[in-house]
Amino acid sequence: DGLTSSSPGWFIFEFNRESFIDSIKYRGYTGNTQFSSSNGSNSKLSYSLDGTNFEYLCNLPTFSSSNSTVKFKKVKAKFVKVENTGYVGFGYLQF
């Protein structure tokens, strides 16, 4: 199983409460033939406290069939947005 989007694609994740985050661990989705594990490479990661005003955090350089981890400055967030001009597919995701 995994999370997939259309093109352009995005996800907005809402935490139960404001939380400090400083990394994301992820793997590309490979659950069907329409998605390759690289869908979502170079996605833009943004964060927000209100779900409306997002601030850029970093790009996710590579999606693959292996787990990848990207570390970034520690920020307080209630929402995290992942967006891409193409398809996005996650087989695994952890903040």
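For the structure, see preceding data.
None of the values given here were measured: they were computed from a predicted structure.

*Asks:* Quick rundown of the pattern of salt bridges? Include the residues and the values.
*Replies:* A full pass over the atoms with the stated rule returns three salt bridges. One salt bridge connects E18 with K76, and the closest N-O pair in it is separated by 3.7 Å. Highlighted residues: E18 in strand β2 (residues 9–28) and K76 in strand β5 (residues 68–84), separated in sequence by 58 residues. Overall, E18 belongs to the partly exposed group, its relative accessible area being 40%. Two residues, E83 and K44, come together in a salt bridge whose shortest N-O distance is 3.6 Å. With E83 in strand β5 and K44 in strand β3 (residues 43–48), the pair connects residues that are 39 residues apart, well separated along the chain. Taking the relative accessible area as the measure of exposure, E83 reaches 25% and is therefore partly exposed.

*Asks:* Report on the pairing of strand β6 (residues 89–94), specifying residues and quantitative values.
*Replies:* By the bridge criterion, two bridges tie strand β1 (residues 3–4) to β6 in an arrangement that is antiparallel. Looking at the pairing, L3 lines up with F90 of β6.

*Asks:* Outline the side chain of S43, supporting the account with residue identities and numerical values.
*Replies:* Topologically, S43 is positioned in strand β3. Of the polar contacts made by the side chain of S43, one reaches the backbone oxygen of G40; its length is 2.5 Å. With residues near it in sequence (within four places) discarded, S43 still touches C58, N59, L60, F63, V82, E83, N84 and V88.

*Asks:* Explain the nonpolar core to me, using residue names and the numbers behind them.
*Replies:* L45, L60 and F72 are the most contacted members of the largest nonpolar core, which has 20 residues in total. The set of elements that each furnish at least two residues to this core consists of β2, β3, β4 (55–60) and β5. Ignoring sequence-local partners within four residues, the contact set of L60 consists of I24, Y26, G40, S41, N42, S43, L45, V70 and V82.

*Asks:* Go over unusual backbone geometry with me, naming the residues and quoting the values.
*Replies:* Apart from glycine, the bulk of residues carry a negative phi angle, and the bulk of peptide bonds sit in the trans form. Note that the residue after S7, namely P8, is joined by a cis bond; omega there is -5°. With a phi angle near 70°, N42 is a residue other than glycine that sits in the positive phi range.

Cut-offs and rules
- Residues numbered from 1 in each chain as written.
- Predicted model: local features only at pLDDT ≥ 70, side-chain atom pairs only at ≥ 80, totals over all residues.
- Heavy atoms only, no water.
- Salt bridge = Lys/Arg side-chain N within 4 Å of Asp/Glu carboxyl O.
- Helix = DSSP H or I, 4+ residues; strand = E, 2+ residues; numbered from the N terminus.
- Buried < 20%, exposed > 50% of the residue type's maximum accessible area, 1.4 Å probe, protein only.
- Pairing = 2+ DSSP bridges.
- Polar contact = N/O pair within 3.5 Å; in protein donor to acceptor, adjacent residues only side chain to side chain.
- Contact = heavy atoms within 4.5 Å.
- Core = buried A, V, L, I, M, F, W, Y, C linked by side-chain atoms within 4.5 Å.

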